[in-house]
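Here's the letter readout for the chains.
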Amino acid sequence: AMLGNLIDEARATIRELWEETNAADTVRQTFEAMFVMDEMQYDDKLLEKHDGCIRELQDRLEQMKPIIRIIERREDILRERMEYEAWQKGSDRLKQRGAAMAKQLMEEEKMARRIKKELPKLTKILQDKLTDWRETSGEEFQYHCDVYVDVMARQEEEWVQYKNNEMQLKLKKKQEEQDFEENKYLGKTNI
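Definitions and cut-offs
- Residues numbered from 1 in each chain as written.
- Predicted model: local features only at pLDDT ≥ 70, side-chain atom pairs only at ≥ 80, totals over all residues.
- Heavy atoms only, no water.
- Buried < 20%, exposed > 50% of the residue type's maximum accessible area, 1.4 Å probe, protein only.
- Helix = DSSP H or I, 4+ residues; strand = E, 2+ residues; numbered from the N terminus.
- Contact = heavy atoms within 4.5 Å.
- Phe/Tyr/Trp six-rings, centres within 6.5 Å; stacked < 30°, edge-to-face > 60°.
- Lys NZ or Arg CZ within 6 Å of the ring centre and 35° of its normal.
- Salt bridge = Lys/Arg side-chain N within 4 Å of Asp/Glu carboxyl O.
- Lys, Arg positive; Asp, Glu negative; His and termini not counted.
- Polar contact = N/O pair within 3.5 Å; in protein donor to acceptor, adjacent residues only side chain to side chain.

**Looking at unusual backbone geometry**
With the exception of glycine, most residues fall at negative phi, and the peptide bonds are largely trans. The backbone of His144 sits at a positive phi, close to 50 degrees, despite the residue not being glycine. Relative accessible area serves as the criterion here: at 58%, His144 is assigned to the exposed category. One non-glycine residue, Cys145, adopts positive backbone phi at about 65 degrees. By the secondary structure assignment, Cys145 is in the loop between strand E1 (142-143) and strand E2 (146-147). Given a relative accessible area of 54%, Cys145 falls into the exposed group.

**Points about the side chain of Thr123**
Structurally, the position occupied by Thr123 is in helix H4 (residues 98-137). When its relative accessible area of 16% is taken as the criterion, Thr123 is described as buried. Sequence-distant contacts of Thr123, that is, excluding residues within four places in its chain, are made with Arg74 and Met152.

**A closer look at the packing of aromatic side chains**
Enumeration over the complete set of coordinates arrives at three aromatic pairs. Between Tyr143 and Tyr148, the ring centres sit 5.8 Å apart and the planes meet at 85 degrees, which makes this aromatic pair edge-to-face. For the residue pair Tyr143 and Tyr148, the accessibility class agrees, reading buried in each case. Judged by centre distance (5.3 Å) and plane angle (25 degrees), the rings of Trp159 and Tyr162 are stacked. Taken as a pair, Trp159 and Tyr162 lie in helix H5 (residues 148-189) at a separation of three residues, close to a single helical turn. Geometry around Trp159 places Arg81 over its ring, the cationic atom sitting 3.7 Å from the centre.

**Section: the pattern of salt bridges**
Under the definition given, this model contains 11 salt bridges. Taking the shortest distance from any N to any O, the salt bridge between Glu62 and Lys65 comes out at 3.1 Å. Highlighted residues: Glu62 and Lys65, both in helix H3 (residues 44-89), separated by three residues, approximately one helical turn. Among the residues examined, Lys65 registers a relative accessible area of 32% and is labelled partly exposed. As a salt-bridge pair, Lys124 and Asp128 come within 2.9 Å of each other at their nearest N and O atoms. Linking Lys124 with Asp128, this pair stays in helix H4, spanning four residues, or about one helical turn. Residue classification places Lys124 among the partly exposed positions, given a relative accessible area of 47%. One network of salt bridges, with partners in common, ties together Glu80, Glu107 and Arg114.

**A closer look at the environment of Gln63**
By the secondary structure assignment, Gln63 is in helix H3. A residue is classified by how much of its surface remains accessible, and Gln63, at 52% relative accessible area, is exposed.

**Digging into the side chain of Arg11**
Within the secondary structure, Arg11 is located in helix H1 (residues 2-20). No salt bridge is formed by the buried Arg11; the nearest opposite charge belongs to Asp8, separated by 4.8 Å. Among the polar contacts made by the side chain of Arg11, one reaches the side chain of His50 at a distance of 3.0 Å. Dropping the residues within four chain positions of it, Arg11 is found in contact with Ala33, Met34, Phe35, Val36, Met37, Tyr42, Leu46 and His50.

Encoded structure:
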């Protein structure tokens with residue numbers, strides 16, 4: 001009974017580590033000891049296999065942690081970039097006066113600096129680390145079950161599309177304003 005409890009605890013730990021390390025289903029399937037359900041086959045060797053798997057997964061997680069920290073920092077800056085864009089569009093943003101306005105403008109300036117300087121730097125560092133990971137491990141680095149190189153490419157593509165859409169909206173608004181002014185001028189001259 002004690003051995004069964006230890007194996008159950010080890011399996012729970014392995015499942016958690018699989019989640020943290022984004023282990024693919026194929027990797028999970030290769031650990032056959034996980035699928036031994038007959039308690040008559042529970043022995044010290046089976047527990048040892050579980051403990052060995054835990055050690056391997058913990059080592060893998062330690063190797064992944066520096067990359068995960070960079071990814072999380074980059075994701076924070078990407079969220080900040082969208083927040084900054086929303087602030088820039090906000091009509092209430094410049095209505096504040098005095099210290100409140102100065103504080104807001106300083107915060108916006110800090111955000112802009114982080115976005116402009118840190119984001120490209122983190123992206124470059126991350127690309128290098130992800131390439132190193134692929135070369136040393138023979139697999140793509142996954143974050144939340146997605147290949148992160150693909151996530152970065154998709155994020156960049158979405159950003160370019162967003163900026164293009166914003167530019168189109170500005171051009172359309174400017175054209176509408178010009179048309180309005182022309183119509184207003186033509187309307188006055190016809191009277």
